[in-house]
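Below are the chains, spelled out letter by letter.
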Amino acid sequence: MKNLVPVSTIMSKNLIVLNLSDDLTKAELLFKKNHIRHIPVVDGNKILGMLSYTDLLRISFVDAVDDDEEVVDVTVYNMFTVEQVMAKKLTTVTPETSIREVAEILSKKEFHALPVLQGNLLVGIVTTTDIIKYLLSQYKD
């Protein structure tokens with residue numbers, strides 16, 4: 001296995017993002033429609049925070065709908081804004097950060113996704129799923 005493979009080789013580059021003006025109903029629809037668990041919150045290409053599907057579940061007592069449905073009960077979501085629910089103090093990496101270093105960060109923290117920044121601009125996101133898929137690819141015959 002290569003120790004210095006950059007995270008840019010496995011990160012997601014076609015990002016689905018939210019703005020502070022978006023509501024949590026839109027966030028849930030994006031999570032379910034795109035089968036993702038993390039959405040960067042941005043102002044242009046500048047990252048402001050990260051919203052996870054787990055963050056939404058924390059503010060609601062139960063998931064109001066099945067994962068296959070696109071209709072949500074918006075009562076709880078209307079009580080909060082994206083800014084109130086998102087994580088604001090983010091750990092970030094650069095495209096040159098090694099996959100190994102990203103794996104080490106994710107293994108020690110309580111989150112499962114890292115924004116990838118080039119300078120101050122969001123260029124990607126890497127998740128624990130990306131790391132697992134990469135590791136599995138190393139064991140193919």
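Please refer to the structure placed before this passage.
The structure reproduced in this document is the subject of the present report.

Thresholds, definitions, all that
- Residues numbered from 1 in each chain as written.
- Predicted model: local features only at pLDDT ≥ 70, side-chain atom pairs only at ≥ 80, totals over all residues.
- Heavy atoms only, no water.
- Buried < 20%, exposed > 50% of the residue type's maximum accessible area, 1.4 Å probe, protein only.
- Helix = DSSP H or I, 4+ residues; strand = E, 2+ residues; numbered from the N terminus.
- Arc of directions from axis to C-beta.
- Contact = heavy atoms within 4.5 Å.
- Pairing = 2+ DSSP bridges.

## Brief notes about helix H5 (residues 128–137)
Now for step 1: Buried within H5 are the following residues: Asp130, Ile131 and Tyr134. The buried residues of H5 occupy one face: seen down the axis, they fall within an arc of 100°. Turned more than 90 degrees away from the buried face of H5, the exposed residues are Lys133 and Leu136.
Now for step 2: Tucked into the core, H5 has its buried residues touching helix H4 (99–108) and strand S4 (121–127).

## Things to note about the pairing of strand S1 (residues 38–43)
Now for step 1: The buried fraction of S1 is high, at five of six residues.
Now for step 2: Pairing geometry for S1 and strand S2 (residues 46–52), over six bridges, is antiparallel. Its bridge partner lying in S2, His38 is registered against Ser52.
Now for step 3: Where S1 folds back on S2, the antiparallel hairpin that results is connected by two residues, among which Gly44 adopts a positive phi of roughly 70°.

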